[in-house]
Amino acid sequence: MAKGKTTSVFYCQNCGYESSKWMGQCPGCREWNTFVEETVSRAELKQSAGQLKMRSERLKPCVLRDVVIREENKISTGLEELDRVLGGGIVQGSLTLVGGDPGIGKSTLLLQVCRNLAAMKRKILYISGEESLTQIKMRAQRLGEFSDSMLLLCETELDLIADTIRDMKPEVVVIDSIQTMYSDSVSAAPGSVSQVREATATLLQLAKGIPVSVFIVGHVTKEGTVAGPRVLEHMVDTVLYFEGDRHASYRILRGVKNRFGSTNEIGVFEMREDGLAQVQNASEYMLTGRPEHASGSVVSCSMEGTRPLLVEIQALVCHSNFGIPRRQTTGTDFNRVNLLLAVLEKRSGLQLSGCDAYVNITGGMKIQEPAIDLGVILAILSSFRNVALDAGLMAFGEVGLSGEVRAVSMAKLRVQEAEKLGFTTCVIPAACAKEIQSTDKIKIIRVNSVQEAMDALF
Ligand code: TYD
Ligand code: MG
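Residues numbered from 1 in each chain as written. Chains lettered and ligands numbered in written order. Predicted model: local features only at pLDDT ≥ 70, side-chain atom pairs only at ≥ 80, totals over all residues. Heavy atoms only, no water.

1. Some points on the confidence of the model for the protein
The line we're drawing: Residue-level confidence of the predictor, termed pLDDT, takes values from 0 up to 100. It only takes one pair of heavy atoms within 4.5 Å for two residues to be counted as in contact.
The predicted model of the protein averages 87 in pLDDT, with 92% of residues at 70 or higher. Low pLDDT (under 50) marks residues 49–53, which in the prediction has 8 contacts with non-local residues, meaning those over four places away or in another chain.

2. Points about the pattern of salt bridges
The condition is simple: Every case where a carboxyl oxygen of Asp or Glu lies within 4 Å of a side-chain nitrogen of Lys or Arg is listed as a salt bridge. Labels follow the DSSP assignment, with helices taken as runs of H or I lasting at least four residues and strands as runs of E lasting at least two, numbered in each case from the N terminus. Only protein chains enter the calculation, and the probe is 1.4 Å; a residue is then buried if its accessible area is under 20% of its type maximum, exposed if over 50%, and partly exposed in between.
All told, the structure shown has 15 salt bridges when counted by the stated rule. Across the salt bridge formed by Asp-163 and Arg-166, the nearest N and O atoms sit 3.2 Å from each other. With Asp-163 and Arg-166 both in helix α5 (residues 158–168), this residue pair falls 3 residues apart, about one helical turn. On the basis of relative accessible area, Asp-163 is assigned to the partly exposed category, the value being 41%. In this structure, Arg-254 and Glu-304 form a salt bridge, with 3.1 Å as the shortest nitrogen-oxygen distance. Taken together, the residues Arg-254 in strand β12 (residues 250–258) and Glu-304 in strand β15 (residues 297–304) connect sequence positions 50 residues apart. On the basis of relative accessibility, which here comes to 19%, the residue Arg-254 falls in the buried class. Connected via shared salt-bridge partners are Glu-81, Arg-84 and Arg-307.

3. Let's talk about the nonpolar core
Definition in use: The set of buried Ala, Val, Leu, Ile, Met, Phe, Trp, Tyr and Cys residues whose side-chain atoms join them within 4.5 Å is what this entry labels a nonpolar core. The source of the domain bounds is an automatic or database domain assignment.
Ranked by size, the top nonpolar core spans 45 residues in total, and within it Leu-344, Met-365, Leu-374, Val-376, Leu-378 and Ile-380 carry the most contacts. When residues in this core are grouped by element, the largest group, 7 residues, is from helix α10 (residues 373–385). A domain split of this core shows at least three residues from each of domain 2 (73–280) and domain 3 (285–457). Those residues within four positions of Leu-374 in sequence are excluded, and the remaining contacts are Ala-395, Phe-396, Gly-397, Val-399, Val-405, Val-427, Val-447 and Ala-453. By size, the runner-up hydrophobic cluster in this structure holds 30 residues, among which are Val-98, Ile-136, Met-150 and Leu-240.

4. Considerations on the sheet that holds strand β11 (residues 238–243)
This is how it is decided: DSSP-based pairing: two strands are paired if at least 2 bridges between them are found. Orientation is described by axes fitted as lines to C-alpha atoms, over the contacting stretch for helices, and by angles from 0 to 180 degrees between their N-to-C directions.
Ordered in space as β8-β7-β9-β10-β6-β11-β12-β13-β14, the 9 strands form an open sheet in which the pairing is mixed. The sheet is open, and its two edges are formed by β8 (150–154) and β14 (275–278), each paired on a single side. When the angles between neighbouring strand axes are averaged without regard to direction, this sheet yields 25 degrees. Inspection of the sheet shows strand β13 (residues 266–272) paired to β14 by 4 bridges, in the antiparallel sense. Residue pairing for β14: Arg-272 is matched across the bridge by Gly-275. Relative to strand β7 (residues 124–128), α5 is tilted by about 170 degrees, and along the sheet it contacts β7, β8 and β9 (172–176).

Here's what the structure looks like:
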C-alpha cells in the first residue's frame with residue numbers, strides 16, 4: 001500500500017470524471033447520480049498523472065515514409081466473424097476490450113480464440129480472476145482439444161500478472177475480467193474506477209512495450225456500459241461489445257471503436273452445446289421460423305457495416321380498449337415507430353389513433369437504421385388491414401414526414417441479398433440508383449411515397 005495521507009476522490013462511474021466533492025450531476029457526461037467515493041493516497045494522485053507515460057528506449061521522431069506496415073502483423077483468430085470485427089485479425093501489441101452482459105459468452109469466445117491460436121503453436125496466456133482452474137477446464141472440455149501452448153493462470157494481483165507476462169512473453173494474453181484485477185499501489189477496491197484505470201494503464205504499457213496483444217473482458221453495468229467505461233474506451237485500441245438475448249442462442253459481436261478497421265462490422269455467432277459457432281449467412285438465420293401467409297409480417301434490409309442483413313418486421317395492430325392506445329416496440333426505436341404511425345394517420349388517412357400497435361424485429365436484433373421505415377409501415381398496414389403480403393416481398397426505404405420514401409445507401413447490395421435468399425419482389429425508393437432493374441428472378445417496384453407503395457401492394 002502506498003504511504004502518505006489518504007484523501008477521498010469522487011469518480012463518475014460512467015465517464016471517470018474526477019472531483020474532490022460529491023456532485024449530483026457529472027459535468028463531464030451529464031449523467032445523474034454517478035459519483036462514488038474512493039480513497040486514494042496523495043502519492044497515488046501524483047503518480048496517476050504520469051501513469052500513461054510509455055516506456056520506450058530512445059525518443060527519436062521519424063518520418064511517416066519510414067514507418068513500415070507489415071501485413072503479417074495481423075494474426076487470424078481462426079474465427080472469420082471475429083477477424084472481420086477486429087479489422088482483419090489481432091494486431092500485434094493491441095489492447096482489445098470485450099464488453100457484454102454477464103453470461104453472454106465473453107469467456108467462451110476468448111477461450112475459443114485461445115484454443116485456435118494455441119493450435120497454431122502460438123504462445124498464449126489466459127488469466128482468469130473469476131474462475132478456478134477446474135472451472136476453466138470444465139468449460140474447455142466442452143470446447144474440444146487444447147494444445148499445450150496455452151497456459152492458464154488464476155490470479156488477480158496485477159503486479160504479479162505483469163511480472164509473469166514480462167517473463168513469459170506470450171503473443172496473446174487474455175484478462176478475464178478487468179473488474180477483478182487489483183493493484184497494490186491503489187487503495188480503492190477492485191472494480192472501482194481508479195483500480196480499473198490503473199489496471200488498464202499497466203496492461204497498455206505491457207501491450208505496447210513487449211509487444212503482446214491483450215484482450216480484456218469488461219462487464220457491463222445495468223445501463224449498458226462497462227463499469228468505468230469511457231475511461232477504458234479511451235485507453236484501449238479496440239472496443240467490442242457482445243450482445244444478444246441471453247435466452248436466444250445467437251450472439252452479435254459489434255465493434256464500437258477500432259483503431260485498425262471499420263467500426264460498423266458485426267460478427268454473428270450461435271451459442272451451442274460445444275461453444276460458439278459462426279453464423280456465415282446471418283440473413284438466413286434471422287429469417288428462420290418466419291410464419292407463412294401471416295398478416296403484419298414484412299422483410300426489410302438493414303446494413304450492418306458492409307453486410308446487408310435481412311430482418312423480419314412484425315406488427316400487430318388491434319382495437320384499443322382504453323382511451324390511450326398502447327404502443328410498444330422491440331428491437332427498433334419507439335419514437336420512430338410513433339412517428340411512422342403519425343405519418344400513416346395523417347398522409348394515408350388510416351384511423352390508427354384508436355388502435356394499439358406493437359412492432360417487433362424478430363430474432364432480437366436491434367436496428368436503428370431508418371432504411372427499415374418502409375418495412376415497418378408496410379407491416380403496420382398489413383396488420384391493420386389483416387391482409388398478408390407476398391412472402392417473397394422485401395421492402396426498404398426511409399420515410400419522411402410528408403409520407404415520401406427517400407433513397408438509402410447501398411441499395412444494390414440490399415437487393416442482391418434479397419435475390420440471393422430467393423425473394424421475388426423488392427419495393428425500393430424511386431430515387432435509388434437507376435441501374436437496379438427488374439430481372440427474371442426479381443421484380444423491382446420503385447415508389448415515391450407511402451401512398452404509391454400502398455397502391456402497388458394492397
Ligand atoms: P460465459 O462465456 O461464461 O459468459 P461470460 O464470460 O460473458 O459471463 O458464457 C456462459 C454461458 O454460455 C452459459 O450460460 C452457458 C453457455 N454455454 C453454452 O451454451 N455452451 C458452451 O459450450 C459453453 C462453454 C457455454
Ligand atoms: Mg466470464
